[in-house]
Amino acid sequence: MAQLYSSMKPTPMLKDELDIVIPTIRNLDFLEMWRPFFEKYHLIIVQDGDPSRTINIPKGFDYELYNRNDINRILGPKSSCISFKDSACRCFGYMVSKKKYIYTIDDDCFVAKDPSGKEINALEQHIKNLLTPSTPDFFNTLYDPYGDGADFVRGYPFSMREGAITAVSHGLWLNIPDYDAPTQLVKPLERNSRKFYLPLKSLNNEVVLLYVDAVMTIPKGTLFPMCGMNLAFDRELIGPAMYFGLMGDGQPIGRLTICGLVICDHMGWGVKTGLPYIWHSKASNPFVNLRKEYNGIFWQEEAIPFFQSVTLPKECTSVQQCYMELAKLVKEKLGKVDPYFTKLADGMVTWIEAWDELNSPDGAEAKAPKGKDE
Ligand SMILES: O=c1ccn([C@@H]2O[C@H](COP(=O)(O)OP(=O)(O)O[C@H]3O[C@@H](CO)[C@H](O)[C@H]3O)[C@@H](O)[C@H]2O)c(=O)[nH]1
Ligand SMILES: [Mn+2]
């Protein structure tokens, strides 16, 4: 399937083909800053924590809001696969959406500015990333050859210039980077201000935050730490594999995405990272994060070599089949690391079952209180 976007200008809005998923334990006043970019889109808000709390949502946005009671009502016993008291609860929004694309953003992420001072329309850049091919099989040293002002460099095989379908667009962050707790603890004041260019001086002669003006494809066979803070994906392609795992309340682990992107390699799809940037305003509490992360920090030393070694049978031709196979392997190979991984594997199976229940042609409709403040 050829990617839609080529050199046409402007980037299609896809306002009827994309949902914005926001996990939250806070009021959503941050939407005021995003209003020019988000107001035409449908929002799926997943309210975590105490369902009796009222979340303030600025007027004029079209949204559906799900709290834990809704999740339990819609999924019944299968709601056990949706994390509670962890941002991974956002996966429920992926499951109930009916749109082709998803953009997910945290409620402490704001509109960033590029070095020229122009506000960045993160959603537009993600759409551009998703509608242009990726280059997972052969690295282009000018990064994204489909970006404005770039192309394939000399020596890039012409037979590979059509590229691969892009399944995921992973954006980055100015100000507070997505650091783990130990890094956050030793670098409490560090801000993302790497100097990839001559420092741009602001009016009062201070170095302003800079950013890396690049989008690149994650090379095939390479894993990377995927952050859900500023992330978009083709839900019809890779949606069933975008489960963030079992984390938060009742789990020995949090803030670690066990994600099935190895399936992209198996399916021949691409994953991009880089632009767009958002401005991440708040560092969650590093001590609380350390408690959530410490198991994951040493388990990942076993889990990563496992995921790097995974090869899926060619008989797995759908994402669901791949994911079920991955769950089987997680149980077999990682179950001995800790019983958690057996629980996780079961959660992965339940996730696919719930996904198919809600998304098969005759699947149950996820009834939620529709929200649209006139
Ligand atoms: O129990 C919770 C806690 C938070 N949320 C919502 O999830 C996002 C992220 O929360 P926050 O900004 O406080 O935490 P960060 O450490 O900055 O998050 C990043 O680290 C990873 C940890 O989850 C994640 O990939 C990034 O998002 C906000 O919208 C909170 O409101 C929640 O739903 N439940
Ligand atoms: Mn945050």
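Residues numbered from 1 in each chain as written. Chains lettered and ligands numbered in written order. Predicted model: local features only at pLDDT ≥ 70, side-chain atom pairs only at ≥ 80, totals over all residues.

This next bit is on the overall build of the protein chain. Looking only at helices and strands, one finds ten helices and ten strands in the protein chain. A buried classification covers 41% of the 374 residues belonging to the protein chain. Counted over contacts in the protein chain with a minimum sequence separation of 6, partners at least 24 positions apart contribute 73%. (Helix = DSSP H or I, 4+ residues; strand = E, 2+ residues; numbered from the N terminus. Buried ≥ 20, exposed ≤ 12 C-beta atoms within 10 Å, placed from the backbone. Contact = placed C-beta atoms within 7 Å.)

Moving on to helix H10 (residues 339-359). Under the 1.5 Å per step criterion, the end-to-end length of H10 is 30 Å for 21 residues, consistent within 8% with the ideal 30 Å. On its buried side, H10 packs onto helix H2 (68-75), helix H3 (91-96) and helix H9 (319-334). (Expected span 1.5 Å × (residues − 1).)

Once that is clear, we can look at the UniProt feature "site: Required for activity" (unreviewed entry) in the protein chain. On the UniProt side, "site: Required for activity" (unreviewed entry) is annotated at positions that read Arg154 and Arg161 here. Along the chain, the position of Arg161 falls in the loop between helix H4 (122-131) and strand E6 (166-175). Ignoring sequence-local partners within four residues, the contact set of Arg161 consists of Phe152 and Tyr156. (UniProt positions renumbered as here; feature names shortened; annotations may be inferred.)

Counting residues in each nonpolar core, the largest one holds 88 residues, and the members touching the most others are Cys91, Phe92, Ile238, Ala241, Ile263, Tyr323 and Met348. For this core, the leading source of residues is H10, giving eight residues. Setting aside anything within four residues of it in sequence, one finds Phe92 in contact with Val46, Tyr66, Ile71 and Ile82. (Core = buried A, V, L, I, M, F, W, Y, C linked by C-beta atoms within 7 Å.)

As a further point, take the UniProt feature "glycosylation site" (unreviewed entry) in the protein chain. Per the UniProt annotation, the sites labelled "glycosylation site" (unreviewed entry) are Arg154. Position of Arg154 relative to the elements: it lies in the loop between H4 and E6. Classification of Arg154 by C-beta neighbours within 10 Å gives exposed; the count is 5.

We now examine the environment of Cys316. With respect to the secondary-structure elements, Cys316 resides in the loop between helix H8 (286-309) and H9. Judged by local crowding, Cys316 falls into the partly exposed class, with 17 C-beta atoms found within 10 Å. With 211 residues separating them in the primary sequence, Cys316 and Ile105 have C-alpha atoms 31 Å apart.

A few words on unusual backbone geometry. A cis geometry characterises the amide bond from Leu275 onward to Pro276, with omega recorded as 10°. Residues other than glycine seldom take positive phi values, yet Lys85 does so here, at roughly 65°. C-beta crowding within 10 Å serves as the criterion here: with 18 such atoms nearby, Lys85 is assigned to the partly exposed category. With a phi close to 75°, Asn175 is a non-glycine residue in the positive phi region. Tracing the backbone shows Asn175 in strand E6. Residue classification places Asn175 among the partly exposed positions, given that 18 C-beta atoms sit within 10 Å.

Of all the six residues making up strand E2 (residues 42-47), five are buried; the element is thus mostly covered by neighbouring parts of the structure. Relative to E2, strand E1 (residues 18-24) runs parallel, the two being bridged by six bridges. The partner of Thr24 across the bridge, within E2, is Gln47. Handedness of the crossover joining E1 and E2 through helix H1 (residues 31-38) is recorded here as right-handed. (Pairing = 2+ DSSP bridges. Right-handed = clockwise from strand over helix to strand, strands pointing away.)

A word on the packing of H9 against H10. Packed helices, taken two at a time, are described by their axes: the angle between them and the distance between them. Two elements in contact, H9 and H10, have axes separated by 8 Å at closest approach and are oriented at 165°. Taken together, the axes of H9 and H10 lie roughly antiparallel to each other. Like other packed secondary-structure pairs, H9 and H10 cross with a definite hand, here left-handed. Counting all contacts with H9, which are made through Gln320, Tyr323, Met324, Leu326, Ala327, Val330, Lys331 and Leu334, the residues of H10 involved are Phe341, Thr342, Leu344, Ala345, Met348, Val349, Ile352 and Asp356. A per-class count over the contact of H9 with H10 returns twelve nonpolar, two polar and two charged. (Axes fitted to C-alpha atoms, helices over the stretch in contact; angles between N-to-C directions. Parallel < 35°, antiparallel > 145°, perpendicular 65-115°, else oblique. Left-handed = near helix turned anticlockwise from the far one by under 90°. Nonpolar A, V, L, I, M, F, W, Y, C, P; charged D, E, K, R; others polar.)

Moving on, we come to the confidence of the model for the protein chain. Taken as a whole, the protein chain shows an average pLDDT of 89; of its residues, 87% reach a score of 70 or greater. Scored below 50 in pLDDT, residues 195-200 shows eight contacts in the model against residues more than four places distant or in partner chains. Scored as a whole, the predicted complex attains pTM 0.91, and scored at its interfaces, ipTM 0.97. (pLDDT = per-residue confidence, 0-100.)

For the rest of this paragraph, the subject is the environment of Pro23. Assignment of secondary structure puts Pro23 in strand E1. Discounting residues that sit within four places of it in the chain, Pro23 has contacts with Val46, Asp48, Ser87, Cys89 and Arg90.

So, on to H2. Within the sequence span of H2, burial applies to Arg68, Asp70, Ile71, Ile74 and Leu75. All buried residues of H2 lie within an arc of 160° about the axis, which places them on one face of the element. In this structure, the buried side of H2 is in contact with strand E3 (62-66), H3 and H10. Backbone geometry just after H2 places Gly76 at a positive phi near 60°. (Arc of directions from axis to C-beta.)

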